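Here's the letter readout for the chains.
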Amino acid sequence: QVQLVESGGGLVQFGGSLRLSCAASGSAYRISDMAWYRQAPGKQREWVATITSGGGTNYLESVKDRFPISRDNAKNTMWLQMNSLKPEDTGVYLCQVYLQRNRYAAQRDYWGQGTQVTVSS
C-alpha cells in the first residue's frame, strides 16, 4: 500500500506565495522521480515540475524561476514553493511519484488526491 498526501494549498492573492508538500508513506522500496501536476476545472492535467532522486529539476516554462521544487529523501517528502502566484496558477495540484513497491515490482507512478490552490485577481 502506497499513500501520497498533499497539503499546503489554499486561497492566496495575486503575487502571494504557498508551499505545497507531498508525503509518501507505506510500501516504497525505491522512489525515483517525483513531480507536480496541476489541473484547472475543465482543463487537461498539466505537468508543472519534476525532481529526480539525485535532485535534478525541470520546470514548466511558465513557472520556472517562480516555483522551486525540492525533496527530502529521508522523509519521503517533496515540496513545491510557489511564489509570485497568478490567477492562471489556480487549480488542483497533484503529486506524482515513480516508485517500486518491492524489489520484484516494476516501477510505476502513484498519485496523490490533490490540494486546491486558488489565486485571486
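Details of the structure are given in the entry above.
Note that the structure is a prediction, hence the values are computed from the model and not measured.

*Asks:* An account of the sheet that holds strand β1 (residues 2-7) is requested, with residue identities and associated values reported.
*Replies:* Within the open sheet, the four strands sit side by side as β1-β3-β8-β7. Their pairing is antiparallel. In this open sheet, the two strands that pair with only one neighbour each are β1 and β7 (69-72). Geometrically, the sheet is characterised by an average inter-axis angle of 15 degrees between neighbouring strands, direction not taken into account.

*Asks:* So, the nonpolar core: which residues are in play, and what are the values?
*Replies:* Judged by nonpolar contacts, the single largest core of 28 residues is most densely connected at W36, L80, M82 and Y93. Mapped by element, the contributors of at least two residues to this core are β1, β3 (18-26), β4 (30-39), β5 (46-51), β8 (77-82), β9 (91-100) and β11 (115-120).

*Asks:* How would you summarise the packing of aromatic side chains if you had to cite specific residues and measurements?
*Replies:* In the structure shown here, the tally under the stated rule is one aromatic pair. Cation over ring: R45 sits above W111, and NZ or CZ is 4.5 Å from the ring centre. We note R108 situated over the ring of Y110; from NZ or CZ to the ring centre the distance is 4.0 Å.

The rules behind these values
Residues numbered from 1 in each chain as written. Predicted model: local features only at pLDDT ≥ 70, side-chain atom pairs only at ≥ 80, totals over all residues. Heavy atoms only, no water. Pairing = 2+ DSSP bridges. Helix = DSSP H or I, 4+ residues; strand = E, 2+ residues; numbered from the N terminus. Axes fitted to C-alpha atoms, helices over the stretch in contact; angles between N-to-C directions. Core = buried A, V, L, I, M, F, W, Y, C linked by side-chain atoms within 4.5 Å. Buried < 20%, exposed > 50% of the residue type's maximum accessible area, 1.4 Å probe, protein only. Phe/Tyr/Trp six-rings, centres within 6.5 Å; stacked < 30°, edge-to-face > 60°. Lys NZ or Arg CZ within 6 Å of the ring centre and 35° of its normal.

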